[in-house]
Amino acid sequence: MNHEQESLQLGKQLAEYLTPGDVITLDGDLGAGKTTFSKGLAKGLGVKRTVNSPTYTIVKEYRGRIPFYHMDVYRLEDQDEDIGFDEYFNGEGVSVVEWSKFIEDFLPNERLEIQINKIDDHQREFIFNPKGNRFQQICEELLKI
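As the structure is a prediction and not an experimental result, all values here were calculated from the model.

## A word on helix 4 (residues 133–144)
Part 1: Compared with the 16 Å implied by 1.5 Å per residue over 12 residues, the 17 Å span of helix 4 between its first and last C-alpha is a close match.
Part 2: In this structure, the buried residues of helix 4 make contact with helix 1 (3–15), strand 1 (23–27), strand 5 (111–120) and strand 6 (123–131).

## Section: the sheet that holds strand 5
Part 1: Strand order in the open sheet formed by 6 strands is 2-3-4-1-5-6, and the pairing between neighbours is mixed. Two strands bound the open sheet, and with one partner strand each, they are strand 2 (59–62) and strand 6. The average angle at which neighbouring strand axes cross in this sheet is 20°, direction not considered.
Part 2: Sitting on the sheet, helix 1 touches strand 1, strand 5 and strand 6, and the angle it makes with strand 6 is about 20°.

## Here's the deal with the pattern of salt bridges
Pairing between side chains of opposite charge can happen when their charged atoms approach one another.
Part 1: Under the counting rule described, the total for this entry stands at 5 salt bridges.
Part 2: A salt bridge links E104 to R111; its shortest N-O distance comes to 2.9 Å.
Part 3: Among the ionic contacts, a cluster of salt bridges with common partners joins E104, R111 and E113.

## What about the pairing of strand 5?
Part 1: Where strand 1 meets strand 5, 4 bridges bridge the pair, whose relative direction is parallel. Within strand 5, the position partnered with L26 by the bridge is I114.
Part 2: Note: strand 5 against strand 6, 9 bridges, orientation antiparallel. Counterpart to Q115 in the pairing with strand 6 is I127.

## Here we look at the packing of helix 1 against helix 2 (residues 34–44)
Geometrically, a packed helix pair is captured by the angle between its two axes and the distance between the axes.
Part 1: Two numbers describe how helix 1 lies on helix 2: the axes approach to 7 Å, and their chain directions differ by 40°. Taken together, the axes of helix 1 and helix 2 lie oblique to each other. Read as a crossing pair, helix 1 and helix 2 show a hand that is right-handed. Within the contact between the two elements, helix 1 uses E4, S7, L8, L10, G11, K12, L14 and A15 and helix 2 uses T36, F37, K39, G40, L41, K43 and G44.
Part 2: Among the residues forming the contact of helix 1 with helix 2, the class breakdown is 6 nonpolar, 5 polar and 4 charged.

## Observations concerning the packing of aromatic side chains
Part 1: Taken as a whole and assessed by the stated rule, the structure comprises 6 aromatic pairs.
Part 2: Summarising the aromatic geometry, the rings of F85 and F106 are spaced 5.4 Å apart at their centres and angled 40° between planes, so their arrangement reads as tilted. Placement of the pair is F85 in helix 3 (residues 85–89) and F106 in the loop between strand 4 (94–98) and strand 5, with a sequence separation of 21 residues.
Part 3: For F106, a relative accessible area of 22% puts it in the partly exposed group.
Part 4: Taken together, F85, F89 and F106 form an aromatic cluster joined through their ring pairs.
Part 5: The residue whose ring lies beneath R134 is F135, and the NZ or CZ to ring-centre distance is 5.8 Å.

## Quick word on the pairing of strand 3 (residues 68–72)
Part 1: Among the 5 residues that make up strand 3, 5 are buried, leaving the element largely enclosed by the rest of the structure.
Part 2: By the alternation rule, side chains of strand 3 split into F68, H70 and D72 and Y69 and M71, which are all buried.
Part 3: Linking strand 2 to strand 3, which pair antiparallel, is a turn of 5 residues.

## Digging into the side chain of E98
Part 1: Locating E98 in the fold gives a position in strand 4.
Part 2: Polar side-chain contacts of E98 include one of 3.1 Å to the side chain of T35.

Parameters at a glance
Residues numbered from 1 in each chain as written. Predicted model: local features only at pLDDT ≥ 70, side-chain atom pairs only at ≥ 80, totals over all residues. Heavy atoms only, no water. Helix = DSSP H or I, 4+ residues; strand = E, 2+ residues; numbered from the N terminus. Expected span 1.5 Å × (residues − 1). Contact = heavy atoms within 4.5 Å. Pairing = 2+ DSSP bridges. Axes fitted to C-alpha atoms, helices over the stretch in contact; angles between N-to-C directions. Salt bridge = Lys/Arg side-chain N within 4 Å of Asp/Glu carboxyl O. Parallel < 35°, antiparallel > 145°, perpendicular 65-115°, else oblique. Left-handed = near helix turned anticlockwise from the far one by under 90°. Nonpolar A, V, L, I, M, F, W, Y, C, P; charged D, E, K, R; others polar. Phe/Tyr/Trp six-rings, centres within 6.5 Å; stacked < 30°, edge-to-face > 60°. Buried < 20%, exposed > 50% of the residue type's maximum accessible area, 1.4 Å probe, protein only. Lys NZ or Arg CZ within 6 Å of the ring centre and 35° of its normal. Polar contact = N/O pair within 3.5 Å; in protein donor to acceptor, adjacent residues only side chain to side chain.

Right, here's the structure in full:
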């Protein structure tokens, strides 16, 4: 299995544990696989449409068994602009935030932070940092798989 397939599969597995209002942050260098992982999450949430990076729109909304809010906040670096993050984070869907370090002040305290590191062209390292008991339990369940 290549790293893209593994990223998609890990995203799908995580999606099985997610509920409305959950926030997942994804950070890593350009090309680390944040969007690929997001595609797996979306598929696991029942999204049928093709998911791609919302680079120019900041937020894309998708329908699935749970709504999926895919955010790429890279363009908000050095800005204090709140585009209504609370409405998404406290909404009826799952929010995934790529480049979350740029909106740190707007993120909820309870979230699952995922750092994706590109080891080489064929390998990725995923570091899960759960913030809150619920996400700690989710990570423990994922480790059992």
